[in-house]
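An overview of the molecular structure
One letter stands for each residue in the lines below.
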Amino acid sequence: MAKEIKTIGVLTSGGDAPGMNAAIRAVVRKAIANGVKVKGIKKGYQGLLNEEIVDLERWSVSDIIQRGGTILGTARCSEFRTDEGQNKGVEICRRHGIDGLIVIGGDGSYRGAQALSKKGINTIGIPGTIDLDITCTEYTIGFDTAINTAMDAIDKVRDTSSSHERCSIIEVMGRNAGYIALWCGVANGAEDILLPEKYDYNEQTIINNIINNRKRGKTHHIIINAEGIGHSTSMARRIEAATGIETRATILGYMQRGGNPTCKDRFYASIMGAYAADILCAGKTNRVVGYQHGEFQDFDIEEALAMEKSISEYQYEVSKALSM
């Protein structure tokens, strides 16, 4: 028989992502509609251990859906990776009457949720990361905003790169996943796209592409470099030395995590938040919400963490063909 849920907690963990506030709002309002109380936990698992816990009402989440970041704050917590820290978290949840917990974050956040579930606190994960690197879902909160932010910035760099007849290396985020680089590389018409999953570290190929394109009259050359490869500044120096063409590196950095979320991130995050609240109130635990084949679904966290995700071979081949 499913445990009756009277009060749930919600927290955001790991890196922030545009759309997290939409998910928080949906969790709070759907849970309250289900007759369940909600407590917000500030600063992720660290805030849980510090007992930074506040009551949330419907009005508490007014006027936040359009805001980037997370109103609850977020942090990484090494203490929560230990059994002692997890036991402390369980004790604090019980002290505050929290029967279930919704965790908005990436795969590292899910490991904490998984540990709490095993210790008797019902937990549901919501994929909040701009990296799109959670295997069980085709969508993660923040990815759409991040790629649109990066795309807009790359368009601007391209304008000045063309004016000065430069080569530009533009580094985008994504940790060890190349999804932001792939999407922006195609959307921005980049001449080279470097993905951690595919790059062979043969810079001579890039150098040859730049020289051949310049001979054909191309006045600029855009290289999208994924964070997982990095070293864009030193790469730019080597390319300039080899080609004689002025080469500049631009690292977009944390601007990709900020800004007002797109309509897609607001809508999908809202549905995921509501879905998470519903299945938690229904007594489910150790699940992660995902989106596959046009439907919102939930998966066992252990199965989700064990899945492998890779760049689509067809999409990669298309990106190469279009960049020629």
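Residues numbered from 1 in each chain as written. Predicted model: local features only at pLDDT ≥ 70, side-chain atom pairs only at ≥ 80, totals over all residues. Heavy atoms only, no water.

1. Things to note about the pattern of salt bridges
What the rule picks out here adds up to 21 salt bridges. Among the ionic pairs, Lys218 bridges to Glu191, the shortest N-O distance being 3.2 Å. Of this pair, Lys218 sits in the loop between helix H7 (203–215) and strand S8 (221–226) while Glu191 sits in the loop between helix H6 (179–187) and strand S7 (192–194), and the two are 27 residues apart along the sequence. Residue Lys218 is classed as partly exposed on the basis of its relative accessible area, which comes to 31%. (Salt bridge = Lys/Arg side-chain N within 4 Å of Asp/Glu carboxyl O. Helix = DSSP H or I, 4+ residues; strand = E, 2+ residues; numbered from the N terminus. Buried < 20%, exposed > 50% of the residue type's maximum accessible area, 1.4 Å probe, protein only.)

2. With respect to the nonpolar core
Ranked by internal contacts, the top residues of the largest apolar core, which has 60 residues, are Ile8 and Ile102. When neighbours within four sequence positions are excluded, Ile8 is seen to be in contact with Val27, Ala31, Val36, Lys37, Val38, Lys39, Ile98, Gly100, Ile102 and Leu280. Within the second largest apolar cluster, 24 residues are counted, among which are Tyr45, Ile121, Val288 and Ile301. (Core = buried A, V, L, I, M, F, W, Y, C linked by side-chain atoms within 4.5 Å. Contact = heavy atoms within 4.5 Å.)

3. Topic: the sheet that holds strand S6 (residues 167–172)
On the basis of which strands lie adjacent, the open sheet formed by four strands has the order S7-S8-S6-S9 and parallel pairing. With partners counted over all chains shown, the strands left at the sheet margins are S7 and strand S9 (247–251), one partner each. Ignoring which end each strand starts from, the neighbouring axes of this sheet average 15 degrees apart. Sheet topology note: the S7/S8 ladder contains three bridges and is parallel. Across the sheet, the residue bridging to Leu194 is Asn225, located in S8. Against the sheet, H6 engages S6, S7 and S8, with an angle of about 175 degrees to S7. (Pairing = 2+ DSSP bridges. Axes fitted to C-alpha atoms, helices over the stretch in contact; angles between N-to-C directions.)

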